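Observations on chain architecture
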Amino acid sequence: MLSKNEFQNSKILVIYHNEDNDGVCSAAIVSAFYKHCHNHTNRQIDLFGSNYKDLNDIWDNHMESVRNSVEGGSTEGLSKDQIVIWESSYDLIFMVDISFNNPDAMVYLYDAMPIDSFIWCDHHESAINNSIQYKYDSCPGIRRTDQSTILNTWDYMESVCQFGISPSDSLIMLSDYDSWQWAKKSRYDSEYNRDELFALNKGFTEKSELKTDWFEHYIYFIFYNSTDRTELAYRRECIELGRILLDYDLKRIRYAICEGGDYSWTVCERPACVLFTTEHLNSIIFKECCTNVLNGVTFKKLCDDNWTMSLYNIDDRNDFHCGNYLKLKYGGGGHKGAAGCILTKEQMMNLIKTKKI
């Protein structure tokens, strides 16, 4: 473990999921807490945004470099190996709202870094179960499924810095959205409150453009200007913007599903609606637009000929676990109500032939 002086002057890397509010805000929380806690140190904090596919590629490149060095004796590949660079350049590595799909990669970083120097905050059940199975669940960080990574990261950083500052109601709502607590909490029993929640999430995404700097500025706002009145005004602004955008999205995507939705597919023999799209959809939009199906599925083609598949439960009361199913079948993961995975071209072509997921 680092000494106090070494800790204050350490280099920190934050690897975060860069595709939604939960990951980007979580990275900003780590950065803001450390800067607020240690304003007069030389600490360097680097942020590395990624998605699951990019992390998979980084691990695959690492394994190829290791094989080449063993077989040919050349270490040139290792010098450009992102994982080797990380472990050799940083004293602390955070991962927030993301993990390597291959547990071996998580084990590698956990073992390679000094004790308590690999910190992981997450809320994805399948990833947490992997950590238990492969025995890296003792690494520092908070991993709870009843709140999203935003609040897990906030709670962890608060335990480190001990500011005594609570997260804003907007951050709690963002957590409720991403962790699907809106389907469980009585706060969202009313349609009005649910609509507010979805609008707030959309408004934050639009205003931030998923930039860590924007979220870090917002967190400083909480640190220094946390009053009910100012927070409520800020929340209302995001909600109003989000309502407009969601209304437009619903009309546009309803048309896309009506025109291009394919109802001849099944997921584990359950009727499903499939849409090939570049849009970011969710279970709510499928629920609004689809009838007589249990799952919504989207496919997106990537530039390397691979595909992403997103799977949603349309009925919140459904016992089917999307994350566990995609983990078992395709090495993916996620939540009970929404999950995703990467498919090869061959896998995708087979699915198109059979229309059975």
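Here, the structure is the one placed above.
Everything in this summary refers to the structure shown in the same document. (Residues numbered from 1 in each chain as written. Predicted model: local features only at pLDDT ≥ 70, side-chain atom pairs only at ≥ 80, totals over all residues. Heavy atoms only, no water.)

We now examine the overall build of the chain. A tally of regular secondary structure across the chain gives 15 helices and 10 strands. Relative to its length of 357 residues, the chain is compact, with a C-alpha radius of gyration of 21 Å against a globular reference of 21 Å. With the principal axes as the frame, the chain shows a C-alpha extent of 60 × 60 × 30 Å. The buried share among the 357 residues of the chain stands at 49%. For the chain, contacts bridging at least 24 residues in sequence account for 62% of all contacts bridging at least 6. For the chain, the computed accessible surface area is about 17200 Å², with 49% contributed by carbon and sulfur atoms. In the chain, the 36 positive side-chain charges and the 52 negative ones have mean positions that sit 4 Å from each other. (Helix = DSSP H or I, 4+ residues; strand = E, 2+ residues; numbered from the N terminus. Rg over C-alpha atoms; globule rule 2.2 N^0.38 Å. Buried < 20%, exposed > 50% of the residue type's maximum accessible area, 1.4 Å probe, protein only. Contact = heavy atoms within 4.5 Å. Areas by Shrake-Rupley, 256 points an atom, 1.4 Å probe, with all protein chains shown as cover. Lys, Arg positive; Asp, Glu negative; His and termini not counted. Charge placed at Lys NZ, Arg CZ, Asp CG, Glu CD.)

Take the environment of N318 next. Considering the arrangement of structural elements, one finds N318 in the loop between β8 (307-313) and α14 (322-330). With a relative accessible area of 12%, N318 lands in the buried category. Spatially, the C-alpha atoms of N318 and I219 are 36 Å apart, while their sequence positions differ by 99 residues. Residues in contact with N318, not counting those within four places in the same chain, are R270, L294, N313 and K336.

With parallel pairing, four strands are arranged side by side in an open sheet as β2-β1-β3-β4. Two strands close off the open sheet at either side, each with one partner strand: β2 (44-50) and β4 (118-121). Within this sheet the neighbouring strands show an average axis-to-axis angle of 15°, counted without direction. With five bridges connecting them, strand β1 (residues 11-17) and strand β3 (residues 92-96) associate as parallel partners. Bridge pairing in β3 links Y16 to V96. (Pairing = 2+ DSSP bridges. Axes fitted to C-alpha atoms, helices over the stretch in contact; angles between N-to-C directions.)

Inspection of the entire model under this criterion finds 31 aromatic pairs. Taken together, F33, W154, F163, Y220, F223 and Y224 form an aromatic cluster joined through their ring pairs. (Phe/Tyr/Trp six-rings, centres within 6.5 Å; stacked < 30°, edge-to-face > 60°.)

Here the focus is the state of the cysteines. Per the stated rule, a full pass over the model turns up zero disulfides. Here C238 is not disulfide-linked; the sulfur of C25 is the nearest cysteine sulfur, at 12 Å. (Disulfide = S-S within 2.5 Å.)

A few words now on the pairing of β1. Within β1, six of the seven residues are buried, which leaves the element mostly enclosed by the surrounding structure. In this structure, β1 lies alongside β2, joined through seven bridges in parallel fashion. Along β2, the bridge assignment pairs I12 with I45.

Below, the discussion takes up unusual backbone geometry. With a phi angle near 65°, D97 is a residue other than glycine that sits in the positive phi range. By the element assignment, D97 lies in the loop between β3 and α6 (103-112).

Moving on to the pattern of salt bridges. For side chains of opposite charge, pairing can occur when their charged atoms come near one another. The tally for this structure, following the rule as stated, stands at 17 salt bridges. Notably, a salt bridge pairs D176 with K185, separated by 2.8 Å at the nearest N-O pair. The class of D176 is buried, set by a relative accessible area of 2%. Among the residues examined, K185 registers a relative accessible area of 32% and is labelled partly exposed. Several salt bridges share partner residues, and in doing so they unite D169, R187, E231 and R235 into one network. (Salt bridge = Lys/Arg side-chain N within 4 Å of Asp/Glu carboxyl O.)

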